[in-house]
Amino acid sequence: MRTIWLSGAEWLAVLRIGLGLWWLESWRHKDRKGWFERGTGIAWAADVAGKHRWGVVRTGFRRVVEPRPKLIAYVVVYAELALGLGLVTGFLTPVALVAGLLLNLLYLVLMIHDWAEQGQNAMMALISLVALISLVALFAMAWQTWSLDAAFGLFR
């Protein structure tokens with residue numbers, strides 16, 4: 001494979017690191033005090049889920065999230081941090097890619113009918129792009145270069 005400036009594996013590492021930086025930015029800009037103390041993130045998601053057209057989303061949210069909103073708030077916020085760190089450092093990269101893909105799909109399914117929020121169309125396009133990047137990085141084994149996985153000989 002011929003590439004410009006970097007090798008194919010190095011470009012995949014750039015893609016992986018960029019995706020990780022996106023997750024870290026998502027974590028960085030969250031109002032953690034609001035999420036953890038006032039429950040703002042879960043309250044917003046509950047409102048979206050409660051109006052969702054798909055019964056499976058409403059039922060799933062009621063069964064999984066509503067009984068434990070504080071725990072889920074911590075899981076969501078720190079999952080984004082873990083995904084970002086894992087992808088940027090290349091540690092447990094396949095795990096981070098699959099988990100990130102699943103989290104993005106959950107976000108996509110939850111918000112697919114909520115067009116009221118400004119920028120929602122752009123957000124959905126970005127989530128779809130991130131899901132595609134995750135798949136490319138996963139199937140192309142983007143942890144082969146510039147990663148702790150490569151340094152430790154993981155996922156050969």
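Residues numbered from 1 in each chain as written. Predicted model: local features only at pLDDT ≥ 70, side-chain atom pairs only at ≥ 80, totals over all residues. Heavy atoms only, no water.

Engineer: Just give me the short version of helix 1 (residues 8-28), but keep the residues and values in it.
Structural biologist: Between its first and last C-alpha atoms helix 1 spans 30 Å; for 21 residues at 1.5 Å apiece the expected length is 30 Å, and the two agree. Of the positions making up helix 1, those classed as buried are Gly8, Leu12, Ala13, Arg16, Leu19, Gly20, Trp23, Leu24, Ser26 and Trp27. End-on, the buried residues of helix 1 take up no more than an arc of 165°, which puts them together on one face. (Helix = DSSP H or I, 4+ residues; strand = E, 2+ residues; numbered from the N terminus. Expected span 1.5 Å × (residues − 1). Buried < 20%, exposed > 50% of the residue type's maximum accessible area, 1.4 Å probe, protein only. Arc of directions from axis to C-beta.)

Engineer: Kindly report on the side chain of histidine 52, identifying the contributing residues and their values.
Structural biologist: With respect to the element layout, histidine 52 can be found in the loop between helix 3 (40-50) and helix 4 (55-65). Among the polar contacts listed, one links the side chain of histidine 52 to the backbone oxygen of leucine 110, at a separation of 3.5 Å. (Polar contact = N/O pair within 3.5 Å; in protein donor to acceptor, adjacent residues only side chain to side chain.)

Engineer: Which residues make up the packing of aromatic side chains, and what values go with them?
Structural biologist: Scanning the model with the defined rule gives seven aromatic pairs in all. Here the aromatic rings of phenylalanine 36 and tyrosine 78 are separated by 5.7 Å at their centres, their planes lie at 15°, and the arrangement is stacked. Separated by 42 residues along the polypeptide, phenylalanine 36 in helix 2 (residues 32-38) and tyrosine 78 in helix 5 (residues 69-89) bring together distant segments of the chain. A relative accessible area of 37% places tyrosine 78 in the partly exposed class. Site record: aromatic cluster; members linked through ring pairs are Trp22, Trp23 and Tyr107. (Phe/Tyr/Trp six-rings, centres within 6.5 Å; stacked < 30°, edge-to-face > 60°.)

Engineer: Let's hear about helix 5: which residues, and what values?
Structural biologist: The first and last C-alpha atoms of helix 5 sit 30 Å apart over 21 residues, in line with the 30 Å expected at 1.5 Å per residue. Within the span of helix 5, buried status applies to Ile72, Ala73, Val76, Val77, Glu80, Leu81, Leu83, Gly84, Gly86 and Leu87. The secondary structure elements touched by the buried residues of helix 5 are helix 1, helix 2, helix 3, helix 4 and helix 6 (93-111). One or two steps after helix 5, the chain reaches glycine 90, where phi turns positive at roughly 75°. (Contact = heavy atoms within 4.5 Å.)

Engineer: Report on the environment of alanine 140, specifying residues and quantitative values.
Structural biologist: Structurally, alanine 140 is set in the loop between helix 7 (120-139) and helix 8 (148-152). Residues alanine 140 and alanine 9, 131 residues apart in the sequence, show an inter-C-alpha distance of 8.5 Å.

Engineer: Any details on the packing of helix 5 against helix 6? Residues and values, ideally.
Structural biologist: Two elements in contact, helix 5 and helix 6, have axes separated by 9 Å at closest approach and are oriented at 140°. By the angle between their axes, helix 5 is oblique relative to helix 6. The handedness of the crossing between helix 5 and helix 6 is left-handed. Where helix 5 abuts helix 6, its residues Val76, Ala79, Glu80, Leu83, Gly86 and Leu87 lie against Thr93, Ala96, Leu97, Ala99, Gly100, Leu103 and Tyr107. Considering only residue class, the contact of helix 5 with helix 6 consists of nine nonpolar, three polar and one charged. (Axes fitted to C-alpha atoms, helices over the stretch in contact; angles between N-to-C directions. Parallel < 35°, antiparallel > 145°, perpendicular 65-115°, else oblique. Left-handed = near helix turned anticlockwise from the far one by under 90°. Nonpolar A, V, L, I, M, F, W, Y, C, P; charged D, E, K, R; others polar.)

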